[in-house]
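Summary of structural features
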Amino acid sequence: MTDFDTVIERRGTGAVKWDVTAPDVIPLWVADMDFAAPAAVTDALARRVAHPIYGYPMVSDSYRHAFCEWQQRRNRLAIDPAWLLATPAVMPAVRAAIDAVSEPGDAVVVQTPVYFPFFHAIRSKGRRLVLNPLRESGVVPAHPGGHAHHHGFAMDFNHLEELFRDGARVLLLCSPHNPVARLWSRDELTALAGLARQWGVTVISDEIHSDIILEPRPFVSMLDVLPELTVACFSVSKTFNLAGIGASQTVVPDPGLRSRVRRVCERDGLLSLQHVLSLTATEAAYRHGDAWLDALLDYLRGNHAVLRTAVANRMPGVRAGAQEATYIAWLDLRDYCAERALSESQLKRLLQHQARVKLSDGVQFGHGGLGFQRLNFATPRLILEEALGRIADALHRGYISTV
Ligand SMILES: Cc1ncc(COP(=O)(O)O)c(C=O)c1O
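Residues numbered from 1 in each chain as written. Predicted model: local features only at pLDDT ≥ 70, side-chain atom pairs only at ≥ 80, totals over all residues. Heavy atoms only, no water.

Points about the domain arrangement of the protein
This is how the line gets drawn: An automatic or database domain assignment is the source of the domain bounds shown. The term buried area refers to how much accessible surface (probe radius 1.4 Å) is lost by two components on association, counted for both of them together. Any carboxyl oxygen of Asp or Glu that lies within 4 Å of a side-chain nitrogen of Lys or Arg is treated as forming a salt bridge with it. Here a polar contact is taken to be a pair of N or O atoms separated by no more than 3.5 Å, where protein atoms must pair a possible hydrogen donor with a possible acceptor and residues adjacent in sequence count only if both atoms sit in side chains. Only runs of H or I of at least four residues qualify as helices and only runs of E of at least two qualify as strands under DSSP, and these elements are numbered from the N terminus. When residues are sorted by character, Ala, Val, Leu, Ile, Met, Phe, Trp, Tyr, Cys and Pro go into the nonpolar class, Asp, Glu, Lys and Arg into the charged class, and all the rest, Gly among them, into the polar class.
Segmentation of the protein into domains returns domain 1 (16-39 + 291-395) and domain 2 (53-287). Placing the centre of domain 1 and that of domain 2 at their C-alpha centroids yields a distance of 25 Å. Summed over both sides, the interface between domain 1 and domain 2 buries roughly 3200 Å², with carbon and sulfur atoms accounting for 60% of that surface. Between domain 1 and domain 2 we count 4 salt bridges in total. Between arginine 182 and glutamate 324 there is a salt bridge, with the nearest N and O atoms lying 2.7 Å from each other. Seen at the junction of domain 1 and domain 2, the total is 18 residue pairs in polar contact (both at pLDDT 80 or more). For the side of domain 1 that touches domain 2, the elements supplying multiple residues, two or more each, are α12 (290-314), β11 (319-320), β12 (328-332) and β15 (372-376). In terms of residue count, the dominant contributor to the side of domain 1 that touches domain 2 is α12 (8 residues). Its residues assigned to classes, the side of domain 1 that touches domain 2 comprises 19 nonpolar, 8 polar and 10 charged.

Below, the structure is given as structure tokens:
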């Protein structure tokens, strides 16, 4: 069993999170984890590497079934293996899906603040980026077993319907949501599906975080509520810390929609970009990764409790929102900054140069991100506690101008 407390040196391994961060700065930015992948995956990789021929691989039936059985077991989600396209990563699949379901000039909706590579994906395809900002709802709906939260985010359905009425034909959904950590409820997704169906809108649903659920309630896929208009994207990269492996699973139940997505993927060479080790790692993870993931989720819940306590007790003016899913927290420092008239760049310098901790700036995530910082808490508790201590101390001292 993996011991998530073990600190594994990542510097010098070409890890972007660690190797472009100054040596005395703790990196809590890029969304990968500082934990060893499941032994079932490293064992399968070692076995495959030991076979000295790495010729063209195929996407086997066994690979397809491993993914579908995982979704059935974990999410009670019935996926026909024929609906699956094996793609090299989520973002190339998202770009292919945008091509397949829209024309240049079409409006594609995103719900900000959101994973910012979405913006480039839409613009790089010559589509119009249209924003449906999340609403701050003040309180998060109470879920059984959930914690009391300071603030939460909700979808603005009225505004979304206006955008659909104005002609937007695609929604690029992030579910669960990065960075606000919402696990969208079945009610919310059903409402969304109703609007999409009414206006004939295709939903590209990025469900890469769907296995990192910290709430007791289950993840609901768009495939469950809007199968005929959904392109859903999954991956082992977040779930099993395999982002460098390069694999994703694109699921399209509707045959017509699927053949459009498949054509673009073929045109762009995505389907022949299968890496022999990525297929091995993915299948092993989905077949044998349950116990590892359950242990990981417990550890992440523990880490979030540490984070929540540190924020509540040691960081006046800072709020940690509801952490329903994902291992990245969306910290609200607006009150802290307002009380001290601190600018975004001063806040950034305070954190990076005084606290010596690297987080992700909220502004990158678009509308609504100003005054927020994203913190990746998927790291051994010792590192997390050190980082939180540094942040609390630096916030307490306040910004020290160096000019
Ligand atoms: C919502 C979301 N989509 C996609 C990705 C990246 O996926 P990939 O590396 O498979 O393109 C991330 C990584 O943080 C993410 O948070």
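Overview of the nonpolar core
Our working rule: Only buried residues count toward a nonpolar core, which is a set of Ala, Val, Leu, Ile, Met, Phe, Trp, Tyr and Cys residues joined through side-chain atoms within 4.5 Å. Under the scheme applied here, a residue whose accessible area is under 20% of the maximum for its type counts as buried, over 50% as exposed, and between as partly exposed, the area being computed with a 1.4 Å probe on protein chains only. A contact between two residues is defined here by any heavy atoms of the two lying within 4.5 Å.
One finds Leu300 and Leu375 to be the most contacted residues of the largest nonpolar core, which totals 71 residues. Residue contributions to this core peak at 9 residues, all from α12. Per-domain counts for this core show at least three residues from each of domain 1 (16-39 + 291-395) and domain 2 (53-287). For leucine 375, the contacting residues outside a window of four places in its chain are Leu28, Leu307, Tyr327, Ile328, Ala329, Leu331, Leu359, Leu384, Leu388 and Ile391. In this structure, Leu85, Ala121, Val170 and Val231 belong to the second largest nonpolar core, which totals 30 residues.

Let's talk about unusual backbone geometry
With omega at -10 degrees, the peptide bond leading from serine 175 into proline 176 counts as cis. Along the polypeptide, proline 176 turns up in the loop between β7 (170-174) and α7 (186-199). At the junction of asparagine 178 and proline 179, the peptide bond is cis and its omega measures out at 15 degrees in the coordinates. Relative to the assigned elements, proline 179 resides in the loop between β7 and α7. Even without being glycine, threonine 326 reaches a positive phi, approximately 70 degrees.

As for helix α11 (residues 276-288)
Counted only if it meets this: Helix span, as expected, comes to 1.5 Å for every residue beyond the first.
Along its 13 residues, α11 runs 18 Å from first to last C-alpha, staying within 8% of the 18 Å computed at 1.5 Å per residue. Within α11, 10 of the 13 residues are buried, which leaves it mostly tucked inside the rest of the structure. If you check which residues of α11 are buried, you get Val276, Ser278, Leu279, Thr280, Ala281, Thr282, Glu283, Ala284, Ala285 and Tyr286. In the core, the buried residues of α11 are packed alongside α2 (39-50), α3 (61-75), β9 (230-234), α9 (236-239), β10 (248-251) and α12.

Observations concerning the side chain of arginine 10
With respect to the helices, strands and loops of the structure, arginine 10 is situated in the segment before α1 (16-19). Judged by its relative accessible area of 16%, arginine 10 falls in the buried class. Separated by 2.8 Å, the side chains of arginine 10 and aspartate 34 make a polar contact. Not counting the four nearest positions on each side in its chain, arginine 10 is found in contact with Ala15, Lys17, Trp18, Asp19, Asp32, Met33 and Asp34.

A short note on the site of the ligand
Note the cut-off: Proximity is defined per residue: any heavy atom of the residue falling within 4 Å of a molecule or strand makes that residue near it. All accessible areas in this document rest on Shrake-Rupley with a 1.4 Å probe, and a residue is counted as covered only by the protein chains that are shown.
The environment of the ligand is formed by Ala31, Ala89, Val90, Met91, Tyr115, Cys174, Asn178, Asp206, Ile208, His209 and Lys238. A distance of 2.7 Å is found between an oxygen atom of the ligand and a backbone nitrogen or oxygen belonging to valine 90. With respect to the ligand, the side chain of asparagine 178 contributes an N or O atom lying 2.8 Å from an oxygen atom. Relative to its unbound accessible surface of 400 Å², the ligand loses 88% to contact with the protein. Grouping the constituent residues of the shell around the ligand by class yields 7 nonpolar, 2 polar and 2 charged.

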